[in-house]
Amino acid sequence: MENMTLLDFARGPGLQWALWIFCLGVLWRIVGAMYLLGTKDLSKHRRKHYVRDGLRAVVTRSAPAEAFEQKIRFQHITGYLWHIALFISVLFFAPHILFFESLFGISWPHLPNTFILISAAVAAALLIALFIRRATHPVQRLISTPDDYISMILVLLPILTGLAAFAHIGFRYETMLALHLLSVELMLIWYPFSKLMHAFMTFPARYQTGTFFGHRGVKA
């Protein structure tokens, strides 16, 4: 591999290794979680439709209890908004769609670049606001771990480097693109071993909780 540039590495070996670590790590975490649920419950079913209770829990537990809503409204609303803005930026930017097409063989319509730029900027601003709140709020600061801060930073870096590359800010475009790809790869490597796994675990966990309570005849 003579004269391999930073961009060549980011597009080649770096991306391949990051994807392998991400996929194997996610699979390992999911299999481990399923293994923990492997113990058979011998107790009698108290209700017939406990599966429906699981689906209900997925919906009802996606919003905080009314008693807590007033105190965590900022966290609740901004949390959902930044996730939506991030997903729009990732899934509907034309170069990203070409990348997904190279991996999965499917594509879909893209949104205008201006809309993607605004969406990414909103995602970055909201994530920075949530980071500051976590670091300054007495309760959140107390319950936060290094995982929380590292995960937020590693999600923020791809957004910022992507915005910089798009706007041609900082180093030359090829270098900024390489830094953007490397920041994505770093996040992919960290992903399976961090709280970012909630993207895969949240809804199954809520469903499992709902079926558990339904099995025992308790309203979830």
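Everything that follows concerns the structure shown earlier in this document.
What this report covers is the structure whose coordinates are included nearby. Please read all numbers here as calculations on a predicted model, not as lab measurements.

## Focus on the nonpolar core
- Within the largest apolar cluster, 23 residues are counted, with the highest numbers of intra-cluster contacts made by W82, L86, L127, V155, I159 and Y191.
- Those elements that place two or more of their residues in this core are helix 2 (13–36), helix 4 (66–91), helix 6 (113–136), helix 8 (146–167) and helix 9 (173–190).
- Non-local contacts of W82, meaning those with residues more than four positions away in its chain, are made with A123, L126, L127, L130 and V155.

## What to know about the environment of L186
- Mapping L186 onto the fold places it in helix 9.
- Look at L186 and you get partly exposed, because its relative accessible area is 44%.
- Spatially, the C-alpha atom of L186 lies 9.6 Å from that of L157, the residues being 29 residues apart in sequence.

## Some points on the packing of aromatic side chains
- Applying the stated criterion across every chain yields a total of 7 aromatic pairs.
- Between W28 and F193, the aromatic rings sit 6.3 Å apart at their centres with planes inclined by 45°, giving tilted as the arrangement. Residue W28 is located in helix 2, and its partner F193 is located in the loop between helix 9 and helix 10 (198–215); the two are separated by 165 residues in the primary sequence.
- Note on W28: relative accessible area 56%, which makes it exposed.
- Ring plane angle 75° and centroid distance 5.4 Å describe the contact between F131 and Y149, whose orientation is recorded as edge-to-face. Remark: Y149 occurs in helix 8 and F131 occurs in helix 6; sequence separation between them is 18 residues.
- Under the relative-accessibility criterion, F131 is labelled partly exposed at 26%.
- Ring-pair connections join several aromatic residues into one group, and the members of that group are F99, F100, F104 and W108.

Parameters at a glance
Residues numbered from 1 in each chain as written. Predicted model: local features only at pLDDT ≥ 70, side-chain atom pairs only at ≥ 80, totals over all residues. Heavy atoms only, no water. Core = buried A, V, L, I, M, F, W, Y, C linked by side-chain atoms within 4.5 Å. Buried < 20%, exposed > 50% of the residue type's maximum accessible area, 1.4 Å probe, protein only. Helix = DSSP H or I, 4+ residues; strand = E, 2+ residues; numbered from the N terminus. Contact = heavy atoms within 4.5 Å. Phe/Tyr/Trp six-rings, centres within 6.5 Å; stacked < 30°, edge-to-face > 60°.

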